[in-house]
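Residues per chain are reported as follows:
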Amino acid sequence: MKTFRHITVSALSVLCLTLAITQSVQAATTFPKPFPLTNHQKSDPEFSPYGVVVSKREDFWDFQMSYADRDKVYRLLSEAGVKWIRLFGPYSSWAEIQPRKYAWNWRKLDKEIQMIGNYGIEIQGTIANPCPPDADCKVANPSWWDGNEQDYRNFVKKLVERYSSPVNGKRRIKYWMTLNEWNGTTNYVPSQYFVRYMKITSQVLKNYSPNLQLSAPFSGASLINEAFGTGKQHSINDAFSPPNSAGQYHDFLAFHKYANYEQMSNRNAPFIQAAQAMAHIQFDHPEYEIQNKPVWVTEGGYGCNLTPGTVCTPKGESLQADDLQKRYWIALHPASYGVDNRLKIDKVFWFKDISANTGWETYEWGTSGLLDWENNYEPRPAYFAYKAMALWYTPPGTPQLTSPADNNQVTTGQPAFKWQAPTSFGSEGFKRYVIQVDNNQYFYSPLILESSNPWGFGYTTSTRYQTAVNIPPGTYFWRVKVEDQKGNFSSWSSVWKFTVTPSPSPSPTPGVSPSPCPAGKACFRILKFNDKNN
């Protein structure tokens, strides 16, 4: 039975919902691409559904990214059809911007917003989470803050005045978020505290301009737990029911949901369940007063979730590319997958822009980024899936390796690599093939095949490549992809393994002295006889 005070449904209903989700996704084996935009969506980026979450700003420093690097990232995202960026992390944190009560540091965020704006990308801004002094998230608070609410008001006021003011007739940031995943286990904020600071934030925004929009995104896992009665918390119900009525401080609603894409046969089922939970919260509880609010998905993607210390595999890369478009289609057509047809999702933000497989990057999100930091921001397969969806772009097909055969041995340090051309070179036309060789199957440190390319790529316009360098004996892996005329790439081919085991040099024949043969001359072998044996 379902009640309005506490959100519960029967176990049978949950079982039926799970079965319906599984059947709907399995039945939808093909997904149209790209998603057709209306003329309104095409003419004004504000109405585009295509967004990406940028890496937390400290990631840029851990990656040792220059401003030129970050500008390159934003250029590549723009070229893929990204129209929205969710900007969050320390650059918009209270502690970063106001390190002392009367000191302000805007330099980093100024630069970031300027770079994004140069490419005409809309920004969804983040207002730092003010955290209860006794909560785990208190480390995000400025060290000097003693809980005085007026200090927080002053911070929000200065932030909004600086970045929501019109520039060249257009407001830079119209949509803001705060208290990220406040109902989740990691960032959990008690309902009373959440409502109080949502009210303060909303008041400051509306005092500056009634057109500014505010939301606080839900954790998808906790949203499911509460909506379907499997969780112990009732934070949403407490916050949104009268007299707290947090819905009045939300101009739009948002939720997050991820999936683990190497250990699930139905990787989109958790997202569909979260969308159904969002519909249940929004439409089955009129006392929340949120029925007419727009809905965004401000974080969503896939994580490997392998054993800690391992990395995401090429299989994960391929699955992510396959499933990215499916995630957008499910979000933008939820009713086609068994979700309440009243739910309308306006935007989806992919998590995230860049990532790496080693170093600081946690194992869960090793391949979640569209761009690969470890290879000079090389677009990953998911980048081209995104571009195909957003820009009606057709990427090149994938080459098929032929020689050396997988698990084969070669007896020369300069083997000839061969492959078959793809059936299609895509909408932009063929430019060249790109090959990599490494002694690691994840290509962490590719061999330098050409001195002009320090990233370890070899280039050719034929379906054959012979290394100019001598590869030492050992076991190696190789792969090939296609580059088109616009600098876009196909997916990498499958990865094949080979072993270099040079044959031993033949022993010289006793009494025989080899003599090089001049070009165009007849050659004779000169024999030298031992005097004793004549």
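Look a little higher up for the structure.
Thresholds, definitions, all that
Residues numbered from 1 in each chain as written. Predicted model: local features only at pLDDT ≥ 70, side-chain atom pairs only at ≥ 80, totals over all residues. Heavy atoms only, no water. Helix = DSSP H or I, 4+ residues; strand = E, 2+ residues; numbered from the N terminus. Buried < 20%, exposed > 50% of the residue type's maximum accessible area, 1.4 Å probe, protein only. Contact = heavy atoms within 4.5 Å. Areas by Shrake-Rupley, 256 points an atom, 1.4 Å probe, with all protein chains shown as cover. Pairing = 2+ DSSP bridges. Axes fitted to C-alpha atoms, helices over the stretch in contact; angles between N-to-C directions. Core = buried A, V, L, I, M, F, W, Y, C linked by side-chain atoms within 4.5 Å. Salt bridge = Lys/Arg side-chain N within 4 Å of Asp/Glu carboxyl O. Parallel < 35°, antiparallel > 145°, perpendicular 65-115°, else oblique. Left-handed = near helix turned anticlockwise from the far one by under 90°. Nonpolar A, V, L, I, M, F, W, Y, C, P; charged D, E, K, R; others polar.

Another point: the overall build of the protein. Along the backbone of the protein there are 13 helices and 24 strands. Per-residue burial over the protein gives 52% buried out of 534 residues. Intrachain contacts of the protein at a sequence separation of at least 6 include 74% that bridge at least 24 residues. Surface summary for the protein: the accessible area is close to 24,300 Å², and the carbon and sulfur share equals 51%.

As a further point, take the sheet that holds strand β22 (residues 496-500). Strand order in the open sheet formed by five strands is β16-β22-β21-β18-β19, and the pairing between neighbours is mixed. Each of the sheet's edge strands pairs with one partner strand only, and the pair in question is β16 (408-410) and β19 (458-460). Averaged over all pairs of adjacent strands, the angle between their axes in this sheet comes to 35°, without regard to strand direction. Relative to β22, strand β21 (residues 474-484) runs antiparallel, the two sharing five bridges.

Across the eight residues of helix α9 (residues 220-227), six count as buried, placing the element largely inside the fold. Those residues of α9 lying buried are Gly 220, Ser 222, Leu 223, Ile 224, Glu 226 and Ala 227. The positive-phi residue at the C-terminal boundary of α9 is Gly 229, with phi of around 70°.

Glancing now at the side chain of Asn 141. Here Asn 141 shows up in the loop between β3 (122-126) and α7 (149-163). Setting aside its immediate chain neighbours within four residues, Asn 141 contacts Ala 95, Asn 129, Pro 130 and Cys 131.

Next up on the list: the nonpolar core. Of all hydrophobic cores here, the largest spans 97 residues; its most connected members are Trp 182, Phe 194, Phe 240, Phe 255, Leu 370 and Tyr 386. A total of nine residues in this core trace back to one element, the largest contributor, which is helix α11 (residues 269-283). If we ignore the near neighbours within four places in the chain, the residues touching Leu 370 are Val 52, Leu 77, Leu 324, Trp 350, Lys 352, Asp 353, Glu 378, Pro 379, Arg 380, Ala 382, Tyr 383 and Tyr 386. Core analysis: the next-biggest nonpolar cluster, separate from the first, contains 17 residues, Val 410, Tyr 433, Ile 471 and Trp 496 among them.

Attention shifts here to the pattern of salt bridges. What the rule picks out here adds up to 17 salt bridges. Salt-bridge contacts for Arg 70 lead to Glu 112; the nearest nitrogen and oxygen are separated by 3.1 Å. In this pair, Arg 70 is assigned in helix α4 (residues 67-79) and Glu 112 in helix α6 (residues 107-118), connecting sequence segments 42 residues apart. Residue classification places Glu 112 among the buried positions, given a relative accessible area of 0%. Close ionic contact of Glu 378 with Lys 481 constitutes a salt bridge, the shortest N to O distance being 2.1 Å. Of the two residues, Glu 378 is situated in strand β14 (residues 378-379) and Lys 481 in strand β21; the sequence distance between them amounts to 103 residues. On the basis of relative accessibility, which here comes to 9%, the residue Glu 378 falls in the buried class. Here the salt bridges share partners, and the residues they tie into one network are Asp 284, Asp 340 and Arg 342.

What follows concerns the sheet that holds strand β13 (residues 371-372). The strand order across the open sheet formed by three strands is β12-β13-β14, and the pairing between neighbours is mixed. Strands with a single pairing partner mark the edges of an open sheet, and in this sheet they are β12 (354-355) and β14. By the bridge criterion, two bridges tie β12 to β13 in an arrangement that is parallel. Looking across to β13, one finds that Ser 355 is bridged to Asp 372.

What follows deals with the environment of Val 53. Checked against the element boundaries, Val 53 lands in strand β1 (residues 50-53). With 301 residues separating them in the primary sequence, Val 53 and Ile 354 have C-alpha atoms 9.4 Å apart.

So, about the packing of α9 against α11. The interhelical angle for the contact between α9 and α11, taken along N-to-C directions, is 55°, at an axis separation of 9 Å. Between α9 and α11, the angle is such that the two are oblique. For α9 against α11, the interelement crossing comes out left-handed. Across the interface between the two elements, Leu 223, Ile 224 and Ala 227 from α9 touch Pro 270, Gln 273, Ala 274, Ala 277, Met 278, His 280 and Ile 281 from α11. Residues of the contact of α9 with α11, tallied by class, amount to eight nonpolar, two polar and no charged.

Taken N-terminus to C-terminus, the directions of α4 and α6 make an angle of 35°; their axes are 9 Å apart at the nearest point. Here α4 and α6 pass one another in a crossing that is right-handed. Counting all contacts with α4, which are made through Tyr 67, Arg 70, Asp 71 and Tyr 74, the residues of α6 involved are Arg 107, Lys 111, Glu 112, Met 115 and Ile 116. In terms of residue class, the contact of α4 with α6 is made up of four nonpolar, no polar and five charged.

This part takes up the pairing of β22. Counted residue by residue, β22 has four buried out of five residues, so it is predominantly covered. Pairing geometry for β16 and β22, over three bridges, is parallel. Counted as the bridge partner of Gln 409 is Thr 499 from β22.

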